[in-house]
Amino acid sequence: MNPTVLTLGHSYIRRLSNYCKMNRMSTNFGITYINGIMYGKGGTKLCNMIQDHVFQRLISKFSPTIVVLQIGGKLKVEKQLSLNKIGHALHVLNPVFKKLTFDERIKAIAKSISLVDPVVCQSMYIFKQPGIGGEVIPHQDATFLHTDPMKLFGIWIALEDAKEENGCLYFIPGSHKSGIYGNRRMIRNPDKSEGQPTCTFRGEVEKFDDNKWVPAPVKKGGLVLIHGEVVHKSEKNTSDQSRNIYTFHVFDQKNTKYSEENWLQPSEAVPFTPLYDTSPE
Ligand SMILES: O=C(O)CCC(=O)C(=O)O
């Protein structure tokens, strides 16, 4: 794994957090979507932030479209250690992440699982910060990025050792064979009236058996290929070591319908990008 990826992530954070400091940005603990879509608490303040040109310039220069901040009245730790996530277009807008995403080894993995015409639909840098990195609750990725038939895969790359202590992934073996539990889906909210959230859930929340989880510790540079319907999660990071990762999702667009209800849709600025050339030789 190229160490620049990690360094680059930290430099994003330093710049963003300096910006936050300068502008006394504060919201309640929650998710902050920078690209105009917002969930979580602190919505009003985020609107102000989005209209702020300096911040927009910073965002467009450094490519993050989503930044999750753990900020609540008082920060527990420094701002640069409070950020949780940057996404979802690193693979399009940033040369380092682009290079990594379209690396020949990634293409070989996609070919090995018979993806005919895979496209990359999103990418994220996830920080699991020492002491405060939160859990990611049990889920199936196809709940969020639904394709019919299921042709979605996550590529998850450890930029640091991911261990049980600092929040590695956990899986329920065999859980990818039963479809989407409870028909759970996150979709664009059909109710567009004022004050309604942009996205909403339908279906039931499944309670998974605590005894079925298997940890998947991975060394720095290791890659985990995640089936779109496998149930997985990660725990809080209570250790003093960070657990940073880069992840992106691909789906095979050959004979597949990507749901128009999915929260993420391709745009001119950030289209879904083919992983490899499929034109005949
Ligand atoms: O990295 C994590 O902690 C969770 C990532 C995850 O669940 C995902 O990318 O689907």
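Of the comments in the UniProt record for the protein, the one headed Sequence similarities (unreviewed entry) reads "Belongs to the PhyH family. PHYHD1 subfamily." One UniProt comment on the protein, placed under Cofactor (unreviewed entry), says "Fe cation".

Turning to the overall build of the protein, a few remarks are in order. Per the secondary structure count, the protein includes six helices and 16 strands. Residues classed as buried in the protein amount to 35% of the 281 residues present.

Turning our eyes to something else, we now look at the site of the ligand. Residues in close proximity to the ligand include Ile126, Val136, Asp141, Gly154, Trp156, His232, Ser234, Ile245 and Thr247, which together make up its full environment. Elements that contribute at least two residues to the shell around the ligand include exactly β7 (152-158), β13 (232-234) and β14 (245-252). Grouping the amino acids of the shell around the ligand by side-chain chemistry returns four nonpolar, four polar and one charged.

Detailed reading of the predicted coordinates is not advisable wherever pLDDT falls low. Model confidence for the protein is summarised by a mean pLDDT of 76, while 70% of its residues fall at 70 or above. When mean pLDDT is compared element by element in the protein, strand β6 (residues 147-148) scores highest at 98, while helix α2 (residues 43-50) scores lowest at 36. Every residue in residues 1-10 is under pLDDT 50, and counting partners more than four places away or in other chains gives 15 contacts. The low-confidence segment residues 19-75, where pLDDT is below 50, has 83 contacts with residues more than four positions distant or belonging to other chains.

Among the secondary structure elements, serine 234 is positioned in strand β13. With 24 C-beta atoms counted inside 10 Å, the residue serine 234 sits in the buried group. If sequence neighbours within four positions are ignored, serine 234 has contacts with Glu135, Val136, Gly167, Cys168, Leu169 and Tyr170.

What follows covers the environment of aspartate 103. Mapped onto the secondary structure, aspartate 103 falls in the loop between α5 (95-101) and α6 (104-112). Look at aspartate 103 and you get exposed, because 12 C-beta atoms sit within 10 Å. With 172 residues separating them along the chain, aspartate 103 and leucine 275 place their C-alpha atoms 9.2 Å apart.

Criteria and thresholds
- Residues numbered from 1 in each chain as written.
- Predicted model: local features only at pLDDT ≥ 70, side-chain atom pairs only at ≥ 80, totals over all residues.
- UniProt positions renumbered as here; feature names shortened; annotations may be inferred.
- Helix = DSSP H or I, 4+ residues; strand = E, 2+ residues; numbered from the N terminus.
- Buried ≥ 20, exposed ≤ 12 C-beta atoms within 10 Å, placed from the backbone.
- Near = placed C-beta within 6 Å.
- Nonpolar A, V, L, I, M, F, W, Y, C, P; charged D, E, K, R; others polar.
- pLDDT = per-residue confidence, 0-100.
- Contact = placed C-beta atoms within 7 Å.

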